[in-house]
Structures are given as C-alpha cells and as structure tokens.
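Next come the chains, spelled out residue by residue.
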Amino acid sequence: MVSAPANEHYFLGIDGGGSKCRASLAEAEGCVLGSALAGPANPLHGLEQTLHSIESAACRALEDAGLPPSALARLVVGAGLAGVNLPSLYKAIRDWPHPFASLYLTTDLRVACLGAHQRDDGAVIVTGTGSCGYVRTDGTDLLVGGHGFPCGDQGSGAWMGLEAIKAVLLASDALGPPTALTESLAEQLQARGVAIVERMAGRASSEYAKLAPLVFSAAESGDSVALRIVEDGASYISEMARKLLAYGPVALALIGGMAERLTPWLASDIAAQLTPPKGPPEEGALLFARQQHALV
C-alpha cells in the first residue's frame with residue numbers, strides 16, 4: 001500500500017463529460033499512482049449524477065493506488081467539467097460540500113488544452129458526446145460552441161445520433177430520402193418508426209452519441225443521408241477551427257471519442273494544421289490542480 005506523510009497532499013485530476021468521468025491520481029512529486037473511470041459528469045444533464053461520479057472516480061483512483069478511502073480528505077482536486085461554462089452550474093459545484101482537501105473547478109476545455117499542449121497557451125476542439133472549441137493566448141481564453149445537447153454541439157456524437165433519428169423518421173413517413181440508417185438504427189434500438197421516439201424519449205445525450213458510429217459507417221459506404229450528416233458536422237468543426245486559429249495559438253489539437261473518425265472529413269487545410277495531443281485531459285486536470293494549489 002502506498003503511504004505518505006499525514007500532512008502531505010495527493011493531487012487528483014478529473015475530466016468529466018457527458019459519457020464518463022476519468023480520474024488520474026498523483027503524488028506531490030508528480031508520479032502517477034492510479035487512475036479510474038466513473039459515470040457521466042456533465043451537470044447540465046444531472047447535477048447529482050455529476051457529484052456522484054466525481055466522488056466515485058476519486059474513490060476508485062485511491063483504490064487503484066492502494067490508498068485508503070480516508071485519503072479523500074488529502075486530495076487536491078482539479079476538475080474540468082463539461083457544462084460549467086454556465087454560471088449557475090459552476091456555482092452549484094463550487095458550493096458543493098465536497099470531501100476533499102480542496103477542489104479547483106474549470107471547464108473540460110481548459111483541462112483538455114492543458115493536457116494536449118502541456119502549457120497554458122493553445123487551442124483544442126473536443127468532439128465526443130458533445131462538441132466545443134477553446135483557445136487560450138496570452139492569459140486570455142475564448143470558448144466557442146459548447147451550448148449543450150440538443151440546443152447545440154453540432155458535429156458531436158449526440159448531434160449525429162439525433163440527426164440520424166430525424167432522417168430515419170422522415171424516411172419512415174416517406175417525407176425524406178431512404179437511407180441505410182433505417183435498418184442499422186432499427187437493429188441497434190430494436191425499434192422502428194414512432195417506436196424510436198418512445199425508445200429515446202428522455203434519454204441522455206450519451207445514448208444518442210452511441211448511434212454516431214452507425215452514421216460514420218453508412219457514410220463510408222456511400223449512403224447519401226449519412227454523408228450529409230457527417231459532412232455538415234465536419235464543416236461546422238472546420239469553421240470552428242478557423243475561428244480558433246485566427247487567435248494565433250501555438251497549436252490546435254482535436255480530441256475526444258469522435259476525433260479519429262472525424263478528422264478525414266475535415267477541410268484539408270484544417271486537418272493539416274492539427275497537432276497530436278501530448279496528453280489526455282485528466283493529465284491537464286492534474287496540471288491545473290498543481291497550478292491552482294501553488295497560488296494558495
């Protein structure tokens with residue numbers, strides 16, 4: 001079992017999004033001791049679930065490191081969460097009586113950028129369950145998109161899933177072109193026509209995002225409806241990238257569960273300017289925790 005002086009802190013980096021919450025635990029000197037995965041952590045889609053996921057990820061990371069649950073009180077936590085760009089949600093989590101030594105809160109974009117470039121300056125576009133862009137230059141940051149599902153997040157997995165459902169429903173009423181998505185969605189959802197509406201009613205964005213691979217597969221097979229969805233999403237992400245690049249960041253990275261599959265569909269000039277991320281968002285969250293703790 002890992003041990004440390006009773007007055008020594010451990011650092012925990014949290015990256016929370018619509019599908020999952022990732023955690024990375026490190027000692028004061030920087031050595032990573034453990035990692036963990038928990039449930040969704042986007043407060044826009046459930047504040048209580050988010051708080052539960054953060055605490056659960058912390059406990060699992062401690063267990064992975066061989067540390068007792070009591071070490072929660074010694075954690076300096078840097079948490080980058082989707083949704084906290086909305087002031088009311090930021091305040092709700094900031095006011096949470098958490099079990100940690102301290103909790104420093106920022107957006108998932110900030111920690112993603114820190115992880116990707118290992119420095120404050122840079123730009124990143126996250127394309128996963130949701131989509132959002134972020135750039136930080138000379139200590140000033142700008143957030144682009146990130147309006148949440150279903151109001152925004154174009155080019156994201158959830159958006160693609162919703163667009164696929166809309167297209168299939170139009171086709172089922174003979175008001176839209178036929179599409180191979182009809183059969184692939186029917187197989188995955190075990191529903192057709194109006195039954196799809198009943199099946200997806202009230203579902204989280206992460207459930208819609210599970211349909212995105214079907215859209216890519218259909219597009220890659222030449223289905224015109226799926227092609228339109230993927231091309232529209234990629235066009236939006238390309239325009240977002242142009243806006244971020246206009247601020248002159250040192251580098252731009254595309255990350256998230258959709259990044260690899262979406263990159264070939266981006267405008268060629270944008271794809272050529274992408275830089276592979278140096279580290280994951282939870283690593284950026286660890287760096288954020290250290291930065292903020294050093295300021296106290």
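Before reading further, recall that the structure is shown in the block above.
These lines cover the structure that appears in this document, whether it is placed above or below.

1. Looking at the overall build of the protein
Stage number 1. Each helix and strand in the protein was counted, giving 12 helices and 9 strands.
Stage number 2. The C-alpha atoms of the protein give 20 Å as radius of gyration, which agrees with the globular expectation for 296 residues (19 Å, within 12%).
Stage number 3. Projecting the C-alpha coordinates of the protein onto the three principal axes gives extents of approximately 70 × 40 × 35 Å.
Stage number 4. Going through the 296 residues of the protein one by one, you find that 51% of them count as buried.
Stage number 5. Considering only intrachain contacts with a sequence separation of at least 6, the fraction spanning at least 24 residues in the protein is 64%.
Stage number 6. Surface summary for the protein: the accessible area is close to 13,100 Å², and the carbon and sulfur share equals 53%.
Stage number 7. The positive charge centre, built from 20 side chains, and the negative charge centre, built from 30, are 2 Å apart in the protein.

2. Comments concerning helix α12 (residues 281–295)
Stage number 1. Its 15 residues place the ends of α12 21 Å apart at the C-alpha level, agreeing with the 21 Å of an ideal helix rising 1.5 Å per residue.
Stage number 2. Among all positions in α12, only Pro281, Glu282, Gly284, Ala285, Leu286, Phe288 and Ala289 are buried.
Stage number 3. Those residues of α12 hidden inside the fold are in contact with β1 (10–16), β2 (21–26), β4 (75–81), β5 (102–107), α3 (108–117) and β9 (252–255).

3. A word on the nonpolar core
Stage number 1. Ranked by internal contacts, the top residues of the largest apolar core, which has 42 residues, are Ile125, Met160, Leu181, Leu185, Val215, Ile229 and Leu244.
Stage number 2. Elements with a minimum of two residues in this core: β6 (122–127), α4 (157–172), α5 (181–189), α6 (194–200), α8 (212–220), α9 (224–245), β9 and α10 (259–262).
Stage number 3. Of all the elements, α9 adds the most residues to this core, at 9 residues.
Stage number 4. Apart from residues no more than four positions distant in its own chain, Leu244 is found in contact with Ala123, Val124, Ile125, Gly133, Tyr134, Val135, Val144, Pro249 and Leu252.
Stage number 5. Ala23, Leu75, Ala79 and Ile93 belong to the second largest nonpolar core, which has 29 residues in total.

4. Looking at the pattern of salt bridges
Stage number 1. Using the criterion set out here, one finds 13 salt bridges in the structure.
Stage number 2. For Asp120, the salt bridge identified is with Arg110, shortest N-O distance 3.1 Å. On the criterion of sequence distance, the pair formed by Asp120 in the loop between α3 and β6 and Arg110 in helix α3 is long-range, its members being 10 residues apart.
Stage number 3. Three or more residues joined by partner-sharing salt bridges are found here, namely Arg110, Asp120, Arg136 and Asp141.

Conventions adopted
- Residues numbered from 1 in each chain as written.
- Predicted model: local features only at pLDDT ≥ 70, side-chain atom pairs only at ≥ 80, totals over all residues.
- Heavy atoms only, no water.
- Helix = DSSP H or I, 4+ residues; strand = E, 2+ residues; numbered from the N terminus.
- Rg over C-alpha atoms; globule rule 2.2 N^0.38 Å.
- Buried < 20%, exposed > 50% of the residue type's maximum accessible area, 1.4 Å probe, protein only.
- Contact = heavy atoms within 4.5 Å.
- Areas by Shrake-Rupley, 256 points an atom, 1.4 Å probe, with all protein chains shown as cover.
- Lys, Arg positive; Asp, Glu negative; His and termini not counted.
- Charge placed at Lys NZ, Arg CZ, Asp CG, Glu CD.
- Expected span 1.5 Å × (residues − 1).
- Core = buried A, V, L, I, M, F, W, Y, C linked by side-chain atoms within 4.5 Å.
- Salt bridge = Lys/Arg side-chain N within 4 Å of Asp/Glu carboxyl O.

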